[in-house]
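Overview (structure and organization)
Letter by letter, the chains look like this.
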Amino acid sequence: QVQLVESGGGVVQAGGSLRLSCEASGGTFSMFVMGWFRQPPGKERELVAAITSGGTTNYADSVKGRFTISRGNAKNTVHLQMNSLKPEDTAVYYCSSPRPGSSNWDYWGQGTQVTVSS
């Protein structure tokens, strides 16, 4: 059974940094696209960053230059380094990945809360 487990959330002051991690199990995730989404209070979930198996990355405009997605040395992990955090980055952050051959984001972690205080 595929499982994604996020960690690293917390409370930080504006301008600070956090590093989120996602550990995947139950699949060959080195072959998958993996992504980070977030859902701010009262808003819809949005894609923050994604990384392909080849290392190509993509970012939402709102986080470009501040966030960096990367794969860990263990290929079943993915990280999100978040710098220069702003109060509007406050959200529950989710790790996600598609099923093999799928174009949908099928697998989801339970989420980790990030709160940025002003």
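Structure: above.
Calculation rules
- Residues numbered from 1 in each chain as written.
- Predicted model: local features only at pLDDT ≥ 70, side-chain atom pairs only at ≥ 80, totals over all residues.
- Heavy atoms only, no water.
- Helix = DSSP H or I, 4+ residues; strand = E, 2+ residues; numbered from the N terminus.
- Buried < 20%, exposed > 50% of the residue type's maximum accessible area, 1.4 Å probe, protein only.
- Disulfide = S-S within 2.5 Å.

**As for unusual backbone geometry**
Of note in this structure, Ser84 is not a glycine but carries a positive phi near 50 degrees. Among the secondary structure elements, Ser84 is positioned in the loop between strand E8 (77–82) and strand E9 (91–97). Accessibility expressed as a relative area gives 41% for Ser84, which makes it partly exposed.

**Points about the state of the cysteines**
Here the structure, examined in full by the defined rule, presents one disulfide. Put simply, Cys22 and Cys95 are joined by a disulfide, and their sulfur atoms are 2.1 Å apart. What sets the handedness of the Cys22 and Cys95 disulfide is the S-S torsion sign, and at about -75 degrees it is left-handed. You can see Cys22 sitting in strand E3 (residues 18–25) and its partner Cys95 sitting in strand E9, a full 73 residues away along the chain. Judged by relative accessible area, which is 1%, Cys22 ranks as buried.

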